[in-house]
Amino acid sequence: MQTDELVAPSMESSSSAPSRGAFPERVAFEVVPSERRRIEIEGRQIHYVDEGEGPPLLFVHKGTGSSPWRDVIVRLRERFRCVGLDVLGAGPPRVTEGAPLDLGALSRILGSFVRALDLSDITLVMHDLGGPVALGIAPSLHDRIRALIVTESFGWPLARGAPGLARMPGLARGRIRGLRAPGSSDDYLREVDRTLRTVLRDRPVLLVFGQESPTVKAGFPERWRERFPDAGLLLVEGSHHFPMVDAPDLVARAIKGWWREEVFAA
């Protein structure tokens, strides 16, 4: 895949109907590529999938877990090791024990997960709030991170009242109450932005966005390209917040081509 902007054709098959921003009903939490595994991190049970062999792709999302990536994982597992974890409060079963964890605490748990599985040479695959969570591990684990795939995500403080963003699933239903309040969340996101501009500034980046998503209307792809001018950009025509669900063939092909040309060849 070239680093020029690519606007995808319409949805590829009737089995991949656009989600239009809602969590797609066809991706049930209990339906996953293979048997879920468990690991104890800081006294908590973490569910994850670990499929295939090859360079590791680490799928991170805070909210829906690894399930939305199911159809992409089954297309990539012959070439990559696909690891997708259900960050606390996501996936099957939803974890509700204890007080809610902020982005920094979730990122710390993710870092412990990476160390426990001894993952290295990682391509982070981030969706929605999984971006800030995953990027938070970079200051201490940047030598394990090879590349970034950003799907409908961000890595900076969000402007108050940004138009349309309240319709993003991760920003709705009170899932990230702390993000809209001043204080530690803004400090955390400013540190994430600094990390992008420093220790991760030379990493290859692929951007994947839904053409109809409020993140596109809010200029997220342009903001990413301010930080990474050579980033590849895939816009999925007709898609909203779940382009990997709407067009898994297209997204998987883009990842394979970009990784071969921009990561492996680098």
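What you are looking at is a predicted structure, and each value in this text was computed from that prediction instead of being measured.

Trainee: Mind showing me how you'd approach the pattern of salt bridges here?
Mentor: When the charged atoms of two side chains with opposite charge come close together, those side chains can pair. Throughout the structure, instances matching the rule amount to 14 salt bridges. In this structure, Arg108 and Glu42 form a salt bridge, with 3.0 Å as the shortest nitrogen-oxygen distance. Of the two residues, Arg108 sits in helix α2 (residues 103-116) while Glu42 sits in the loop between β2 (37-41) and β3 (44-51), which places them 66 residues apart along the sequence. On the basis of relative accessibility, which here comes to 45%, the residue Arg108 falls in the partly exposed class. The residue Arg194 makes a salt bridge to Glu191 at a minimum N-O spacing of 2.8 Å. A residue pair is termed a helical-turn pair when its members lie 3 or 4 positions apart in one helix, as Arg194 and Glu191 do in helix α5 (residues 184-197) at three residues. Here Arg194 falls in the partly exposed class, since its relative accessible area comes to 44%. Among the ionic contacts, a cluster of salt bridges with common partners joins Asp193, Arg197, Glu226 and Arg227.

Trainee: Whenever I open this one, helix α7 (residues 220-227) confuses me. Can you help?
Mentor: Residues spaced three or four apart along an α-helix face the same direction, because each turn holds 3.6 residues. Of all the residues in α7, the buried ones are Phe220, Pro221, Trp224 and Arg227. One side of α7 carries all its buried residues, which in axial view fall inside an arc of 115°.

Trainee: Is there a simple way to explain the pairing of strand β4 (residues 56-60) in this structure?
Mentor: Along a regular strand, successive side chains alternate from one face of the sheet to the other. Here β4 lies mainly inside the structure; five of its five residues are buried. Taking every second residue as pointing to the same face, both faces of β4 are buried, with Pro56, Leu58 and Val60 on one and Leu57 and Phe59 on the other. Of the strand pairs in this sheet, β4 and strand β5 (residues 81-86) are connected by four bridges, and their pairing is parallel. Counted as the bridge partner of Phe59 is Gly84 from β5. As defined by bridge partners, β4 adjoins strand β6 (residues 122-128) across four bridges and the pair is classed as parallel. Counted as the bridge partner of Leu57 is Thr123 from β6.

Rules behind the numbers
- Residues numbered from 1 in each chain as written.
- Predicted model: local features only at pLDDT ≥ 70, side-chain atom pairs only at ≥ 80, totals over all residues.
- Heavy atoms only, no water.
- Salt bridge = Lys/Arg side-chain N within 4 Å of Asp/Glu carboxyl O.
- Helix = DSSP H or I, 4+ residues; strand = E, 2+ residues; numbered from the N terminus.
- Buried < 20%, exposed > 50% of the residue type's maximum accessible area, 1.4 Å probe, protein only.
- Arc of directions from axis to C-beta.
- Pairing = 2+ DSSP bridges.

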